[in-house]
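# Structural overview
Okay, here's what each chain looks like letter by letter:
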Amino acid sequence: MSKHLKRIAIKIGSNVLAHKDGTLDLQRMSDLVAQIAALHESDIDVVLISSGAVASGRNEVKPVKKLDAISSRQLYSAVGQAILINHYSTFFRQHNLVCGQVLTSKENFGSRTHYLNQKNCMEVMLENGIIPIVNENDTVSVTELMFTDNDELSGLVAAMMNMDALIILSNVDGIFDGDPSQPDSQVIRIIGRQDELSSIIRPGKSTFGRGGMLTKYHLARKVADEGIPVIIAHGARKNILPDLVADKDVICTRFLPSERSFSSVKKWIAHSEDFAKGEVHIDSGAEKALYGEKATSVLFVGIRHITGIFKKDDIVKIINEKGLQLGVGRAGYDCEKAVSLIGKRNARPMIHYDYLYLD
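Sheet strands associate in pairs through backbone hydrogen bonding, adopting either a parallel or an antiparallel arrangement. Judged by pairing direction, the sheet is mixed, and its eight strands sit side by side in the order 3-4-2-1-5-7-8-6 without closing on themselves. Each edge of the sheet is formed by a strand with only one pairing partner; in this case those strands are strand 3 (98-104) and strand 6 (190-191). With five bridges joining them, strand 1 (residues 7-12) and strand 5 (residues 165-170) adopt parallel strand pairing. Within strand 5, the position partnered with Ile10 by the bridge is Ile167. In the packing of helix 2 (residues 26-41) onto the sheet, contacts are made with strand 1, strand 2 (45-50), strand 4 (130-136) and strand 5, and the angle to strand 1 comes to roughly 175°. Sheet contacts for helix 7 (residues 213-225): strand 1, strand 5, strand 6, strand 7 (230-234) and strand 8 (253-255); angle to strand 5, the most-contacted strand, approximately 175°.

Positive phi, close to 55°, is recorded for Asn162, a residue that is not glycine. Mapped onto the elements of the fold, Asn162 is located in the loop between helix 6 (150-160) and strand 5. Look at Asn162 and you get partly exposed, because its relative accessible area is 48%. One non-glycine residue, Asn239, lies in the positive phi region at around 60°. Note on placement: Asn239 falls in the loop between strand 7 and helix 8 (240-245).

Attention shifts here to the confidence of the model for the protein. In the predicted model, the protein carries a mean pLDDT of 88, and the fraction of residues at 70 or more is 91%. Per-residue pLDDT stays below 50 along residues 205-211; that stretch engages in 25 contacts with residues further than four places along the chain or on separate chains.

Here we take up the packing of helix 6 against helix 7. With their axes 9 Å apart at the nearest point, helix 6 and helix 7 run at an angle of 5° to one another. The angle between helix 6 and helix 7 falls in the class roughly parallel. Of the residues in helix 7, those in contact with Asp151, Glu152, Ser154 and Gly155 of helix 6 are Lys216, Leu219 and Val223.

A full pass over the atoms with the stated rule returns 13 salt bridges. Between Glu123 and Lys119 there is a salt bridge whose closest N-O contact spans 3.4 Å. Taken together, the residues Glu123 and Lys119, both in helix 5 (residues 112-127) and four residues apart, mark about one turn of the helix. Residue Glu123 shares its accessibility class with Lys119, and that shared class is buried. Between Asp151 and Lys216 there is a salt bridge; the shortest N-O distance is 3.1 Å. Of this pair, Asp151 sits in helix 6 while Lys216 sits in helix 7; the two residues are 65 residues apart in sequence, bridging distant segments of the chain. For Asp151, a relative accessible area of 1% translates into the label buried. Residues joined in a network through salt bridges with shared partners are Arg7, Lys119 and Glu123.

Residues spaced three or four apart along an α-helix face the same direction, because each turn holds 3.6 residues. End to end, helix 5 covers 22 Å across 16 residues, agreeing with the expected 22 Å (1.5 Å per residue, within 8%). Every buried residue belonging to helix 5 is among Arg112, Tyr115, Gln118, Lys119, Met122, Glu123, Met125 and Leu126, and all of these are buried. For helix 5, the arc enclosing every buried residue in end-on projection is 160°, short of the 170-degree limit, so these residues lie on one face. Of the exposed residues in helix 5, the ones pointing more than 90 degrees away from its buried face are Thr113 and Glu127. Of the surrounding secondary structure, the elements contacted by the buried residues of helix 5 are strand 1, strand 2, strand 3, strand 4, helix 6 and helix 9 (264-270). Downstream of helix 5 by a residue or two, Gly129 has a phi angle that is positive, lying close to 75°.

Right, let's talk about the sheet that holds strand 12 (residues 325-330) for a bit. With respect to topology, five strands assemble into an open sheet ordered 10-9-11-12-13, the strand pairing being mixed. At either end of the open sheet lies a strand with only one pairing partner, and these are strand 10 (303-308) and strand 13 (356-358). Along the sheet, successive strands turn relative to each other by an average axial angle of 20°, direction set aside. As paired elements, strand 9 (residues 278-282) and strand 10 share five bridges and run antiparallel to each other. Bridge pairing in strand 10 links His281 to His305.

Conventions we followed
- Residues numbered from 1 in each chain as written.
- Predicted model: local features only at pLDDT ≥ 70, side-chain atom pairs only at ≥ 80, totals over all residues.
- Heavy atoms only, no water.
- Pairing = 2+ DSSP bridges.
- Helix = DSSP H or I, 4+ residues; strand = E, 2+ residues; numbered from the N terminus.
- Contact = heavy atoms within 4.5 Å.
- Axes fitted to C-alpha atoms, helices over the stretch in contact; angles between N-to-C directions.
- Buried < 20%, exposed > 50% of the residue type's maximum accessible area, 1.4 Å probe, protein only.
- pLDDT = per-residue confidence, 0-100.
- Parallel < 35°, antiparallel > 145°, perpendicular 65-115°, else oblique.
- Salt bridge = Lys/Arg side-chain N within 4 Å of Asp/Glu carboxyl O.
- Expected span 1.5 Å × (residues − 1).
- Arc of directions from axis to C-beta.

Here you go:
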């Protein structure tokens, strides 16, 4: 993997950065920053997606009354984010590096304009040798528009920045073929495109984070399908990042990337399902054409019906006759015009192939 690595995304989970009591493990943070600095010295650009803000704030604030889940998260993250970024700044400065904070929300990935603004911000930071540290802005996020966890955010960032690899550091060595707490369970070292492992992965969540290994698995599969290698490894292992980048025989789970090539627009669309404003229901003939060898757009002649209220360029879901989602795409028309063209043969595509992503 090391031969072509110029730019990588590294996600560090809450359980990697926190002690069992929730306080920050400053020695662990310092060690990981030193490793990232070593990668930077080797001319590898790094974008860091870091959890730990809520865990940091929880130990600094004692609420005067019981808070609901959203209010407590807002309070802890507002305080904890400042603590977290200050520690990162101090540690990176010890290696003569500057870091910068990028707080984002799921809504910022739904708009192509906001998406490109974020991308440009991080591109400028990297061009100037600054380490972007990305986290969800929990102070303004609401439940229905929150990321599943920072694993999801790391996948979005990896796709947006066209990363050469995504490394997810967890508190386990990777994905196991059974219960990790059992001695006979083994780490699955390689996962290819055809390997389906959802049934053997425990859905449990981590102590301080919102996600679990099943979330990591689905996210890693999606990112790998877009051509980006993904590694899940233990963040506490000594020298874990340089060893992974150098392709040493480290115990971890590696997701093999697809050989397919995706444009930046397609990568954005691939992660835009949550922002879909409508549905385009197609017949079996259109479905067969989409999965044929020839690149095919969604044409009105194969559309059965359209639901939802959307504008031109909004994201819509593509649904087959069985009601199963096949993918998402960017609408070439608003909903009223699209409905009026159903069945027509000579109209421009409802969803052009260049703006179409199939699951």
